[in-house]
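Examination of the molecular architecture
Listed below are the residues making up each chain.
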Amino acid sequence: MSTSSMEATTILPILKKKLAFLSGGKDRRSGLILTIPLCTEQTSMEELSATLDYLLGIPSDKCKARGFTVIVDGRKSQWNVVKTVVLMLQNVIPAEVSLVCVVKPDEFWDKKVTHFCFWKEKDRLGFEVILVSANKLTRYIEPCQLTEEFGGSLLYDHVDWVNKRLVFEKFTKESTSLLDELAVINENEKSNQPDKDRPPDCNALPSFDPETVLQTGHELLSELQQRRFNGSEGGGGGGGGTAWSPMDDELLAQPQVMKLLDSLREEYTKYQEVCRQRSKRSQLEEIQTKVMQVVNWLEGPGTEQLRAQWGIGDSMRAAQALQQKHEEIESQHSEWFAVYVELNQQIAALLSAGDEEDLMELKALQQQLSDVCYRQASQLESRQNVLQSAHEFHGTAQDLSQQLDGLLGMLCADVAPADGAAIQQTLKHLEEKLKSVDGALQGLKEKGQVLLDQMSNQASWSYGKEVPMENKENVDHIHSVMEDMQLRKQRCEDMVDVRRLKMLQMVQLFKCEEDASQAVEWLGELLDALLKTHLRLGDDSQETKVLLEKHKKFVDVAQSTYDYGRQLLQATVVLCQSLRCTTRSSGDTLPRLNRVWKQFSVTSEERVHRLEMASSFHIAAEKLLKESPEQAVLMLDVESCEEVVALGKSLLDRLTVPVIFPDGSEHFFGSPGDMASSAESIREKMKLVEEKRFQLEEVEQLQEEEEEEALETGSQES
């Protein structure tokens, strides 16, 4: 193999001095060219020897068999140094050297001495030594195989060569070591032993990162291939621009790099599979461990926490405290549920890319984990529902209790309404309160039944454990609360019925009082109408008769109004006795009603007297006025006319007299003008009666005169 037993890193400072180098050039026999550039300073033979040992260890045996051509550049050195170097070559590489070309300086050494010396030592050296100037070196070596300092076109960068050599050796060392380690790891993996039974070193990681080593090898191979391509292209032309590099396949064994890369890729592929299997086993074991942790906690402490939570509290505050405790339990469960979600995702990923032998185990783990988590989540949700329902139940019970207290307060308070409308409003408020209480009680019963059903479900997942006494106490407590609220509501309903009856009686009382007051007002209005509008006395007897009939009906209306008011006031007395209360109008309305009725009665009687006088006047006057003077002489006399006139005057005088009420107050029918207009027809008839009386008097006077004349005539005749 083209490798050196000595590493470049051990003599790196010496290599950087460029005491000798392989430029990559070849002689006409395809032997490698070894260049030793001597300088003006004293060259250390030990360092040169170490450099030559390292350089001669690089080429392959096949390449070494073709021999070396050594160029000793003595242009800047002394002859004795050159001689020492040439002699040293005999000890270092006697068999591999074919030709030594000593490049002489312009100021040549003593020809005889040098020639004699090398000629004398030729047989002992084992190789030919020639002295040649730099411009004559092309006689032995092609210009394209010589570097620039010898007039050639071969490019050589010693620093770059050293760096690439370091990279190559590093890659070779790391890849070889990595191959051995990967082979051991892969071989041990075939034993199919569990990880816990294997030696500790079997599970160890490689000393080098395979990816990094592979990348370094690929970069190195790419560099070698690029240099070889450029070298072939330049070398084929044999002209300028040649880019031969010492890092070709003959010096650095490019096939060796390729072989190492191939082997490394093969072992690394196996190692990746080993790592994948190892990771899968480790992941599966980790999942199994975590699954059992979750299952053990949920079926152990988690379940015990839930079993210990049976209470529902006896108030909203107690229920809220239990809810807070349950939230703490849920918070602890949430951490394990988060682990469950993560594990479920990991198991799902393994199932989607898992092997056949792992599927059953993974599915069993997933099913076990899901069953336990879903069962525990269901229990948590059931408990949460119970506590939520208990909170709502206690809240409804509290609201209902407050409503019943408020309703009881209303029922126990004294009723002092201002009027019937206030009573109606109070009744409406009571009915609304009672309806609200009824709805709240119905809601309490529904929520209580829901809570009982949920508590029964909670008891069903007690895993065969007997239902604790606390749960039975909770059931009894719920029934006790609902029964207590029912009794309180029934008592309030009974009190509402009593209050409703009382308030309805009060409504009736206020209604009677209002109607009695209204009757007084109506009677007062009738009195007012009688005084202000009932003024006409009629133009004749017929009209007066009609007015009398209308007045009778008017009086009947007033009488019924008065009787209605009396009945209402009697009813108020009865209601007051039933309610054991005094009303605001019981001592006022009856006197007002009687007072107005007496005033109306006096006024009505006066109205009747006036209408009756008017009727008598009209009848007498009409009788006188219908008869002719001749008939009047036979039937009536002047005295009748005087009586009629006197009756009319009496009527007119009565119209001017006020009506005197029982309290002594005086009231007139209408205004003076109204009375004057109503008496106009009386006056006109009185005038007619007066005229009739005058006619009768004239007729009577004529009769008397005739009688006197007849008497006188009779006396004269006698």
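A short tour of the structure in this document, coming up. If you're wondering where the values come from, they're calculated on a predicted model, not measured in any experiment. (Residues numbered from 1 in each chain as written. Predicted model: local features only at pLDDT ≥ 70, side-chain atom pairs only at ≥ 80, totals over all residues. Heavy atoms only, no water.)

1. Some details on the overall build of the protein
- Per the secondary structure count, the protein includes 20 helices and seven strands.
- Within the protein, the fraction of its 718 residues that count as buried is 43%.
- In the protein, the share of contacts with a sequence separation of at least 24, taken over all contacts with a separation of at least 6, comes to 84%.
- Total accessible area computed for the protein in this model is approximately 38700 Å², and 51% of it derives from carbon and sulfur atoms. (Helix = DSSP H or I, 4+ residues; strand = E, 2+ residues; numbered from the N terminus. Buried < 20%, exposed > 50% of the residue type's maximum accessible area, 1.4 Å probe, protein only. Contact = heavy atoms within 4.5 Å. Areas by Shrake-Rupley, 256 points an atom, 1.4 Å probe, with all protein chains shown as cover.)

2. Quick look at the sheet that holds strand S3 (residues 68-73)
- Taking strand neighbours across the sheet as the criterion, the five strands line up as S1-S2-S3-S4-S5 in an open arrangement whose pairing is mixed. One side of each edge strand has no neighbouring strand; the edge strands of this open sheet are strand S1 (21-26) and strand S5 (128-132). Within this sheet the neighbouring strands show an average axis-to-axis angle of 25°, counted without direction.
- Summarising the sheet, strand S2 (residues 32-37) and S3 pair through six bridges and their orientation is parallel. If you follow Pro37 over to S3, its bridge partner there is Asp73. (Pairing = 2+ DSSP bridges. Axes fitted to C-alpha atoms, helices over the stretch in contact; angles between N-to-C directions.)

3. Digging into the pattern of salt bridges
- Under the defined criterion, the tally for this structure stands at 23 salt bridges.
- A salt bridge links Arg165 to Glu169; the shortest N-O distance between them is 3.2 Å. On the criterion of helical spacing, the pair formed by Arg165 and Glu169 is a turn pair, its members being four residues apart in helix H7 (residues 158-189). Each member of the pair, Arg165 as well as Glu169, carries the same accessibility label: buried.
- The salt bridge involving Asp528 is made with Lys532; its shortest N-O contact spans 3.3 Å. (Salt bridge = Lys/Arg side-chain N within 4 Å of Asp/Glu carboxyl O.)

4. Let's talk about unusual backbone geometry
- Positioned with a positive phi, Lys18 is a non-glycine residue whose angle comes to about 60°.
- According to the relative accessible area criterion, Lys18 is partly exposed, its value standing at 29%.
- For Ser30, which is not glycine, the phi dihedral falls at a positive 70°.
- Among the secondary structure elements, Ser30 is positioned in the loop between S1 and S2.
- Accessibility expressed as a relative area gives 34% for Ser30, which makes it partly exposed.

5. Focus: empty space enclosed by the protein
- This structure, assessed with the given rule, holds one cavity of 30 Å³ or more.
- Lining the largest cavity are His534, Leu535, Leu537, Arg607, Arg610, Leu655, Phe669 and Met675.
- The class makeup of the residues in the lining of the largest cavity is five nonpolar, one polar and two charged. (1 Å grid on protein atoms, 1.4 Å probe; cavity = no way out; pocket = protein on both sides within 12 Å on 5 of 7 lines; lining within 4 Å. Points joined across faces, edges and corners; volume = space filled by probe spheres on them. Nonpolar A, V, L, I, M, F, W, Y, C, P; charged D, E, K, R; others polar.)

6. Some thoughts on the side chain of Ser175
- Mapped onto the fold, Ser175 is located in helix H7.
- Within polar-contact distance, the side chain of Ser175 engages the backbone oxygen of Thr172 at 3.1 Å.
- In this structure, Ser175 is in contact with Val213, Leu260 and Leu264, ignoring residues within four places of it in sequence. (Polar contact = N/O pair within 3.5 Å; in protein donor to acceptor, adjacent residues only side chain to side chain.)

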